[in-house]
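Inside the fold
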Amino acid sequence: MLDFLYTPELGQSTCLSDKLRNIYPDDRGDVHALQGDWGCLAFYVASWSPSEFVDDGHFIAVVIGRPRFSWSSGNEACGVGENCRAQRLLRRWRLGHMQWDEDLDGPFAAVFVDQRKRTVTVVTDLMAFIPVYEGRHNRGSVVGTHVDAVGALANSCELDHVSMAEFLVSGVVTYPYSCYREVRQLPPAAIATYPGSGERTLVTYWIPEETPSPKYSFGRCAKWLRLALKESARASFSDGDRPTVLVSAGEDSRAVLGAMPGGGHCDAVVFADDVTRETEIAATVSAAYGARFTLAKRSPTQYIDNIDAACSLIGSNSQFFQAHSLGVAEKYKLSQAPVVLGGFGADRLLKGIHSPHRKTTRELILPAWFQSDTSIDDRQSDQVLHGIDSAAWKVLKPEIRSAIIERRNSHRRRISQFRQADSVEEWARMWPSSMASGSSHYTSNRRLMAIHEPFFSKRIVKLASEIPFDWKINRRIFLAAMKPYLGKTKRVPNGKGFYPYYGLVVNRVLLPRLQAVASRVRGEERVRSKHIVWADWSKLVKTEKWRKESSRRWLASSYRVGILEQNSLDISMQDFDIRTKLNVIQLGTIFNSLTEPVDGGS
């Protein structure tokens, strides 16, 4: 099951079905719609996703995503894709035995309807990897997994200009807001109950609370992370299946390949416009692990050609250009694979990539007395504005800028209730998952193929919340945990020239010197090759096709009136950074057809 929509309004099955079908660029799935005096519930099922729902006349249960059932009875006599999984989940829920932080492993959203009491219950996963949105409605609340579909069904599809401005300059919308005034995101790890009459109630069943000191030793945490990845990867497919792994030149996909059982029994796929250093390394890595490699070639104008489809697929709260597999998933039959394993999420959960306290090589190598007196906090003086394009920020209305800062500060205050000061900023940028700008990578993949992200395992998420940020910085805990899985490619560098098998000293101190000496011996000038992973954006935004599309959608977008200062309405995008230019074209694509108010939301 991929998506659901619920409305308390009667007779809306056709409307809900149409909204769900509009999400998918090549609609080949089925929509099931159930209704009664409690309202209407519709859910989308692709040909490759299990149809996991049950309606016994009293209760309805729907499972979105591909979670693994962790309690023993949930795995007995239940093959993947059989409705008995939904039946077992419903039975356990009715008995009051569910332990949501333990019983389901991986991204999910669960919906239960008590048709007699006219009560609807919605449950979100640990990090809201599958975000669920709630919109105001005259008869209660509209709820669903696609923000634009929920926005269209709410009382008003009026836009929130503060959210739009924040998305324009940073690519994210601060939780719990959306680009619609009437729509908010439900919290992660939450149980929301919508009664037939009365207010919605909300219970949180888990938070990533930080303990004053580590519960476990560094070595034990590394061991448990390694075992958790192995368990998550191997439990995602059955004996006899041939899984597919999305690979790159980096270390995360290598760790997943290393955790897979038996070499030579999986396929490895990388997306690229043509053969590059990245794809050549990915091919070498795949061969080392015995995987059958495929280069899934895309058009150089892939992201321009699929703008409309990508925006529909991902929605307005996430960046469309993270839909890397759109247009190739079907072509290379990824949608037919029993499971496709990714390597997404390790950077933010285990490597402290969002931590403002990441130390430089100088600070890590040299003794304290030899370092500068400048503190990390001094260098990171304004984390609230992290990730914002300064050129675009300057042309926003002052009241819009103030509202964005207040929303971000409010989110950090929320995080500070369960995280210590050192890790507030780190978790503010990844909790819930939608706060990380790359989250739409998973959102698009889960709607195009049977994706499984091993690093989204409940064990890894929980360990990530307990591990001190000091252990994450510069790959310390990641390398200690995953090094046994990286051994087959210890002599294969990544796309940036570093060797994932080795640590900081080798890669940051010894390697550059050895390379410099080798270049002098050969009489060559060392040239660092350009590291291109998904697309050469600098070239793409200079094409005539891109200029025409972006200018047309930007200048025709009336939302500019609500967020830009009056003297900046006709500003060109020349000074904006590349990501802002991409955000501009997305906002224009989604909202040009909507009637918008002139004043902004707050």
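These numbers come from a predicted model, not from an experiment.

So, the sheet that holds strand S15 (residues 244-246)
Pairing within the open sheet is parallel, and its five strands lie in the order S17-S16-S15-S18-S19. A single partner strand is all that each edge strand has here, and the edge strands are strand S17 (292-297) and strand S19 (451-452). Here S15 runs beside strand S18 (residues 340-341); their pairing, made up of two bridges, is parallel. Along S18, the bridge assignment pairs Thr244 with Val340.

What to know about helix H1 (residues 13-21)
Every buried residue of H1 is accounted for by Ser13, Leu16, Ser17 and Leu20. Considered in projection along H1, the buried side chains sweep an arc of 100° and stay on one side of the axis. Of the surrounding elements, those touching the buried residues of H1 are strand S1 (3-7), strand S2 (30-36), strand S3 (39-45) and helix H5 (147-153).

Considering the packing of helix H7 (residues 218-234) against helix H19 (residues 458-466)
As a packed pair, H7 and H19 sit with axes 8 Å apart at the nearest point and diverge in direction by 155°. Here H7 lies roughly antiparallel to H19, going by the angle between them. Note on packing geometry: the crossing formed by H7 with H19 is left-handed. Every residue of H19 that contacts H7 at Trp224, Leu225, Ala228 and Leu229 is listed here: Arg459, Ile460 and Leu463. In the contact of H7 with H19, the residues fall into six nonpolar, no polar and one charged.

About the thresholds
- Residues numbered from 1 in each chain as written.
- Predicted model: local features only at pLDDT ≥ 70, side-chain atom pairs only at ≥ 80, totals over all residues.
- Heavy atoms only, no water.
- Pairing = 2+ DSSP bridges.
- Helix = DSSP H or I, 4+ residues; strand = E, 2+ residues; numbered from the N terminus.
- Buried < 20%, exposed > 50% of the residue type's maximum accessible area, 1.4 Å probe, protein only.
- Arc of directions from axis to C-beta.
- Contact = heavy atoms within 4.5 Å.
- Axes fitted to C-alpha atoms, helices over the stretch in contact; angles between N-to-C directions.
- Parallel < 35°, antiparallel > 145°, perpendicular 65-115°, else oblique.
- Left-handed = near helix turned anticlockwise from the far one by under 90°.
- Nonpolar A, V, L, I, M, F, W, Y, C, P; charged D, E, K, R; others polar.

In short, geometric facts, not functional conclusions.
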